[in-house]
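# Architecture at a glance
Chain residues, written in single-letter form:
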Amino acid sequence: MGVLMSRRQTVEKVQKVSLAVSAFKDGLREQPSTRQQAEVGGTCWGTLEQAVQEGEEEVSAGPSQLEESSTSKAAWERLQDGRGLEPEEFDQANRFTPPTFIRPKRELHDDEPLDISLEQREQVLNDEMCKICEVWTAESLFPCRVCSRVYHDGCLHRMGYLQNNSAMEVMETVHTETGWSCYYCDNLNLLLTEEEMYSLMEILQQCKIIPGTCLTLDNFLHYKHLVHKQQFERPMAEAQEEQASLQFSALDPDKKGHIKWHDFLSHESIQLLQKLRPQNTLLWLLTAKEREWARMAFLALDQDSDGFIREGECHWARHTWFRKHQKETPSCNVSHVGPMSESSPASSGSSKSQEKTPLATEQEEARPIDWLSFLQENVAYILAARPNSAALHLQPPA
């Protein structure tokens, strides 16, 4: 039955693609002007589309600039729907139709306190059927380290989410403690609602950031200065500029002198979530695997089992546990609950008698942190660790 359902779904997808191709060709014939032809394939998004058009009116009518404007418009539309679908993808043989992501909506209960028990462990189970084809087979499935979804490698190839140059890397890490994030969890921008995404796009447009482009340090600092002045109506302090430079270095782990658009977008998305949503609201975004991961981190630090850890240990977890690490990092004792640093308590079997970091030593006498405070103060860093990129999308303060 599962195979039959899969074939039926494939037929439906082929029919949808055929309709889309026909509509695309009809649109080319019906739109006589050069400008309209350049904009074919776009999707109307109400006020978002109006904002894009207003930005384009500032561009002069030269041929090269018109082409650049059309490309920029398409980039904004892909940014809005999370991925977007290029017209040329319809012509690729043996390729599934990628989904149009539906952005989340804020619910009334999202602002209510969320009680996550420290003592009650959660059973973390992966799905049994591939998320794409909805078929179970005896083949090895790729589990996501963040959510419960699993995938066939062949399905990922046909969706275009697993390219030849990355297939081997995914296969090497998916069943290790490093793990692999699926295309839903890898994109932090998909956590934003329509309203939040519109707010981010407004900021990017005002600062003349073009989607899809890499940013140098000068570009990044210029953007940060503009955003800070817009928000606080005063220039950025020297210490804040230094922190921004550290964040740039964290987003450029290979020291290439620029950061990729996907990494910049993930960083800005998590920054916006921190600014617009209370910490307790962000707890609703954590998955069962991430909650279990955080639970084990806290229990490893709470050696005397009194339900409290020191503030320095909370900061230490933020710097050493809830962050990216290199692939050669030794594995820990927790299976598929998220990436861990080699200096994490669980991976090293550490105890309070082991050598402490200077940060933890300095904070020994600071306020005690309970389980709920630990979660609230670290939830943004847990979410920022989702992408597969080696970039550190949220650099903790020094």
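What comes next concerns the included structure. (Residues numbered from 1 in each chain as written. Predicted model: local features only at pLDDT ≥ 70, side-chain atom pairs only at ≥ 80, totals over all residues. Heavy atoms only, no water.)

Before going further, it helps to spend a moment on the packing of aromatic side chains. For the coordinates displayed, the defined rule picks out 12 aromatic pairs. Ring centres of F142 and W180 lie 6.3 Å apart, and the angle between their planes is 70°; this geometry places the pair in the edge-to-face category. Taken together, the residues F142 in strand 1 (residues 142-143) and W180 in the loop between helix 6 (164-173) and helix 7 (194-206) connect sequence positions 38 residues apart. Assigned by exposure class, F142 and W180 land together as buried. Relative to F248, the ring of F220 lies with its centre 5.8 Å away and its plane at 50°, an arrangement referred to as tilted. Taken together, the residues F220 in helix 8 (residues 217-232) and F248 in helix 9 (residues 238-251) connect sequence positions 28 residues apart. Judged by its relative accessible area of 6%, F248 is buried. Site record: aromatic cluster; members linked through ring pairs are F142, Y151, Y161, W180, Y183 and Y184. Between the NZ or CZ atom of R149 and the centre of the ring of Y184, over which it lies, the distance is 4.1 Å. (Phe/Tyr/Trp six-rings, centres within 6.5 Å; stacked < 30°, edge-to-face > 60°. Helix = DSSP H or I, 4+ residues; strand = E, 2+ residues; numbered from the N terminus. Buried < 20%, exposed > 50% of the residue type's maximum accessible area, 1.4 Å probe, protein only. Lys NZ or Arg CZ within 6 Å of the ring centre and 35° of its normal.)

Throughout the structure, instances matching the rule amount to 11 salt bridges. For R291, the salt bridge goes to E122, with nearest N and O atoms at 2.8 Å. A residue pair is termed long-range when its members are at least 10 positions apart, and R291 in helix 12 (residues 288-301) and E122 in the loop between helix 4 (63-80) and strand 1 qualify at 169 residues. Put simply, R367 and E377 hold a salt bridge, and the shortest N to O gap is 2.8 Å. Of this pair, R367 sits in the loop between helix 15 (358-362) and strand 6 (368-370) while E377 sits in helix 16 (residues 371-384); the two residues are 10 residues apart in sequence, bridging distant segments of the chain. According to the relative accessible area criterion, R367 is partly exposed, its value standing at 40%. When its relative accessible area of 18% is taken as the criterion, E377 is described as buried. Ionic contacts of the salt-bridge type, sharing partners, join the residues R121, E122, R291, E292 and R295 into one network. (Salt bridge = Lys/Arg side-chain N within 4 Å of Asp/Glu carboxyl O.)

On to the environment of P396, then. Relative to the helices and strands, P396 resides in the segment after helix 16. Since its relative accessible area comes to 4%, P396 is described here as buried. In contact with P396, other than residues within four places in its own chain, are Q243, R318, H319 and Y381. (Contact = heavy atoms within 4.5 Å.)

What follows covers the side chain of T281. When you line up the elements, T281 lands in helix 11 (residues 279-282). Discounting residues that sit within four places of it in the chain, T281 has contacts with R106, D110 and D111.

The next subject is the nonpolar core. Counting residues in hydrophobic clusters, the biggest one holds 57 residues, and the most contacted among them are I209, Y223, F264, F322, W371 and F374. Contributions of two or more residues to this core are made by helix 7, helix 8, helix 9, helix 10 (261-276), helix 12, helix 13 (311-320) and helix 16. A per-element tally of this core places helix 16 first, with nine residues. Split by domain, the residues of this core number at least three in each of domain 2 (192-276) and domain 3 (278-324 + 368-397). In contact with F322, other than residues within four places in its own chain, are W293, A294, A297, A317, F374, N378, Y381 and I382. Membership of the second largest hydrophobic core comes to 24 residues, among which are L141, F142, M159 and C182. (Core = buried A, V, L, I, M, F, W, Y, C linked by side-chain atoms within 4.5 Å. Domains from an automatic or database assignment.)

To continue, consider unusual backbone geometry. For E134, which is not glycine, the phi torsion reads 60° and is therefore positive. Tracing the backbone through its elements, the reader meets E134 in the loop between helix 4 and strand 1. Of note in the backbone geometry, K208 takes a positive phi value of approximately 60° without being a glycine. Looking at where K208 falls in the secondary structure, it is placed in the loop between helix 7 and strand 3 (215-216).

What follows concerns the packing of helix 8 against helix 10. Where helix 8 contacts helix 10, the two axes come as close as 14 Å, and the packing angle between them is 20°. Taken together, the axes of helix 8 and helix 10 are roughly parallel relative to one another. Both helix 8 and helix 10 take part in a crossing whose hand is right-handed. Two secondary-structure elements touch here, helix 8 through F220, Y223, K224 and Q231 and helix 10 through F264, H267, E268, Q271 and K275. Here the residues of the contact of helix 8 with helix 10 sort into three nonpolar, three polar and three charged. (Axes fitted to C-alpha atoms, helices over the stretch in contact; angles between N-to-C directions. Parallel < 35°, antiparallel > 145°, perpendicular 65-115°, else oblique. Left-handed = near helix turned anticlockwise from the far one by under 90°. Nonpolar A, V, L, I, M, F, W, Y, C, P; charged D, E, K, R; others polar.)

The subject of this paragraph is the environment of D218. Relative to the helices and strands, D218 is located in helix 8. Relative accessible area serves as the criterion here: at 61%, D218 is assigned to the exposed category. Sequence separation between D218 and S245 is 27 residues; the distance between their C-alpha atoms is 9.5 Å.

Turning to its location among the elements, E290 is positioned in helix 12. The buried category is assigned to E290, whose relative accessible area is 2%. When neighbours within four sequence positions are excluded, E290 is seen to be in contact with V146, L285, I382, L383 and R386.

Let's shift gears to empty space enclosed by the protein. Taken as a whole and judged by the stated rule, the model has five cavities of 30 Å³ or more. In this structure, the largest cavity encloses a volume near 60 Å³. Lining the largest cavity are 10 residues, with F322, Y381, A384, L392 and L394 positioned closest to its centre. Each residue belonging to the lining of the largest cavity can be placed in one class, and the counts come to seven nonpolar, one polar and two charged. (1 Å grid on protein atoms, 1.4 Å probe; cavity = no way out; pocket = protein on both sides within 12 Å on 5 of 7 lines; lining within 4 Å. Points joined across faces, edges and corners; volume = space filled by probe spheres on them.)

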